[in-house]
Amino acid sequence: MSEDQPTPRPPVPSPAALAKRVAPRPAAPPAAVPEHSESARFGRADEEGHVFVTVGDEEREVGSYPGATPDEALQYFARKYDELAASAALLEARLANPDVSAKEVADGLGTLKEHVEQANVVGDLPALHATVERVEAGLEAKRSAESEQRRAARAEAATRREAIVAEAETIAAQPPGSTQWKQSGERMRALLEEWKGHQRSDVKLDKPTETALWQRFSHARNAFDKARRAWFAELETTRADAKSTKESLVAEAESMSTSTDWGPTARAYKQLMDRWRQAGRASRSDDDALWERFRAAQDAFFTAKDAASAAEDEEFRGNLAVKEELLVEAEALLPVTDLEAAKASLRGIQDRWEAAGKVPRADIERVEKRMRRVETAVREADDQRWKATNPELSARARSMAEQLEAAVAKAEADVATAEASGDERKAAAARERLASQQQWLDQARAGLDEFGG
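A quick note: this is a predicted structure, and the numbers were derived from the prediction, not measured.

Draft legend 1. Region of interest: helix H6 (residues 207-256). Across its 50 residues, H6 extends 72 Å between first and last C-alpha, which sits within 8% of the 74 Å expected from 1.5 Å per residue. All of the buried residues in H6 are Leu213, Phe217, Ser218, Ala220, Phe224, Leu235, Ala242, Lys246, Leu249, Val250, Ala253 and Met256. The secondary structure elements touched by the buried residues of H6 are helix H4 (125-172), helix H5 (181-201), helix H7 (262-278) and helix H8 (284-331).

Draft legend 2. Spotlight on the pairing of strand E3 (residues 58-64). Pairing of strand E2 (residues 50-55) with E3 involves six bridges; the strand directions are antiparallel. If you follow Phe52 over to E3, its bridge partner there is Glu61. Adjacent in sequence and paired antiparallel, E2 and E3 are bridged by two residues, among which Gly56 carries a positive phi angle near 70 degrees.

Draft legend 3. Structural context of helix H9 (residues 339-356). Helix length check: H9, at 18 residues, gives a terminal C-alpha distance of 25 Å against a target of 26 Å (1.5 Å per residue), a fit within 8%. Of the positions making up H9, those classed as buried are Leu339, Ala342, Lys343, Leu346, Ile349, Trp353 and Ala356. Down the axis of H9, the sector holding all buried residues measures 135 degrees, keeping them to one side. In H9, those exposed residues whose orientation departs by more than 90 degrees from the buried face are Asp351 and Ala355. Tucked into the core, H9 has its buried residues touching H8 and helix H10 (361-388).

Draft legend 4. Local environment of the nonpolar core. Within the largest apolar cluster, 28 residues are counted, with the highest numbers of intra-cluster contacts made by Val51, Val105, Leu112, Val122 and Leu128. The set of elements that each furnish at least two residues to this core consists of E2, helix H2 (70-96), helix H3 (102-118) and H4. At nine residues, H2 tops the list of elements feeding residues into this core. Counting 16 residues, the second largest nonpolar core, distinct from the first, contains Ala157, Ile171, Leu192 and Trp195.

Draft legend 5. Representation of the packing of aromatic side chains in the model. In total, this model carries 15 aromatic pairs according to the counting rule given. Aromatic side chains Tyr65 and Tyr76 sit 5.1 Å apart centroid to centroid with 75 degrees between the ring planes, which places their arrangement in the edge-to-face category. Separated by eleven residues along the polypeptide, Tyr65 in the loop between E3 and H2 and Tyr76 in helix H2 bring together distant segments of the chain. Taken together, a centroid distance of 5.5 Å and an interplanar angle of 55 degrees make the contact between Trp276 and Trp291 tilted. Taken as a pair, Trp276 in helix H7 and Trp291 in helix H8 lie far apart in primary sequence, 15 residues in all. By relative accessible area, which is 7% here, Trp276 ends up buried. The residue whose ring lies beneath Arg221 is Phe217, and the NZ or CZ to ring-centre distance is 5.8 Å.

Draft legend 6. Representation of the side chain of Glu104 in the model. Relative to the helices and strands, Glu104 resides in helix H3. Here the side chain of Glu104 touches Ser101 through a polar contact of 3.1 Å, landing on its backbone nitrogen.

Draft legend 7. The sheet that holds E2, seen in detail. Pairing is antiparallel across the open sheet formed by three strands, whose spatial order is E1-E2-E3. Looking at the sheet topology across the chains shown, the edges are occupied by strand E1 (43-45) and E3. Each adjacent strand pair in this sheet contributes to an overall mean axis angle of 25 degrees, direction not counted. Packed onto the sheet, H2 meets E1, E2 and E3 and runs at close to 140 degrees relative to E1.

Draft legend 8. Examining the confidence of the model for the protein more closely. Mean pLDDT for the protein: 84, with 90% of residues reaching 70 or above. In the model, residues 1-33 has pLDDT below 50 throughout and makes 57 contacts with residues more than four positions away in sequence or in other chains.

Draft legend 9. Representation of the pattern of salt bridges within the structure. Under the counting rule described, the total for this entry stands at 36 salt bridges. Between Glu254 and Arg293 there is a salt bridge, and its shortest N-O distance comes to 3.1 Å. Of this pair, Glu254 sits in helix H6 while Arg293 sits in helix H8; the two residues are 39 residues apart in sequence, bridging distant segments of the chain. With relative accessibility at 35%, the residue Glu254 sits in the partly exposed group. Between Arg370 and Glu331 there is a salt bridge, with its nearest N and O atoms 3.0 Å apart. Of the two residues, Arg370 is situated in helix H10 and Glu331 in helix H8; the sequence distance between them amounts to 39 residues. Taking the relative accessible area as the measure of exposure, Glu331 reaches 22% and is therefore partly exposed.

Rules behind the numbers
Residues numbered from 1 in each chain as written. Predicted model: local features only at pLDDT ≥ 70, side-chain atom pairs only at ≥ 80, totals over all residues. Heavy atoms only, no water. Helix = DSSP H or I, 4+ residues; strand = E, 2+ residues; numbered from the N terminus. Expected span 1.5 Å × (residues − 1). Buried < 20%, exposed > 50% of the residue type's maximum accessible area, 1.4 Å probe, protein only. Contact = heavy atoms within 4.5 Å. Pairing = 2+ DSSP bridges. Arc of directions from axis to C-beta. Core = buried A, V, L, I, M, F, W, Y, C linked by side-chain atoms within 4.5 Å. Phe/Tyr/Trp six-rings, centres within 6.5 Å; stacked < 30°, edge-to-face > 60°. Lys NZ or Arg CZ within 6 Å of the ring centre and 35° of its normal. Polar contact = N/O pair within 3.5 Å; in protein donor to acceptor, adjacent residues only side chain to side chain. Axes fitted to C-alpha atoms, helices over the stretch in contact; angles between N-to-C directions. pLDDT = per-residue confidence, 0-100. Salt bridge = Lys/Arg side-chain N within 4 Å of Asp/Glu carboxyl O.

Written out as structure tokens, the structure is:
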């Protein structure tokens, strides 16, 4: 057996063998090769065993098979073509499979092309080359699709990483005074674990993008940690200052707890309370203990003050009865009909009111309000009488009334003149002026009546 030379070329690999070289995955065993191949119609063999293949209008020798019949030699080279064509068809099928990568197809295509170039076979060689060309073209499309898929996957992965970074930056940018440090710290740690999870299982990012995102993430975490340390360091200092200030306030409160200077001491306690609120917070345990002492001192003072006030109230109940009788007497002056008599009576009531002394605190506002109402009514009656008898105001009112009377008389004359001349337009205007002047005169006379003019 020979193919132009006594020693034949290496045999063309079977489709199963080629599939193994294309991918490591196991392939189904090839179907049994039939004894007769239809590919033999593309060639011939002579009586000496030389085999030829026809390509277009040309014929060339592909080898020889000594010791065999012409048909056996021809079938041998035709079956070699069938195996090669089956390998090409298998590779084209794998090209269409989305689970097969472009790299696997490229590896298989390289092996296939190597054997096609070396092949001395009988069959439809243009069809075989067309299959190879289709695989080459499809491979480029597959590479482009995979490249776009990788780009889209990297973009999605970058978006997921960006979300982690953005949340970390938001946490780091919180104002220290409103940051929930425990919850925010736990969230920062969870974000770091998410980042590590993406590194392990997500699509790999290109190095510049991953480096830039990691630097932002790392910066946010470092800024948060730095702010937290600074916050708690300042908090310790602030709490120490607050504790010292509140200890001083407690000492002041305790020193005043036995005072009987009720009014000034009560005001002093109010000022202490304002300073307490402004002092800030110590640690919870210190703050609670100091507040208990402060409140105990304050309660001791105000309990004693309330007891003293209760005793005073009991003492002043008799005064209240006297003032309530005086109120009945004062309220009987209303409404004021005789101003001088009302003023004289009220002065006497006021003198007795002052002599009666204090009343219980709960009744002070009530009785004072009733007395002020009577005093206000008498004072307003006095003011009204003064206004009515004021010579200056009375003279002004009389002068105004006289001026308006003259104006009304003139307006009446203007009306009469216009009507006599038959000028209705002037007559209407004169009547309008007369009406206005008459209205003002009526108002002036009413005011003059108040002064008794």
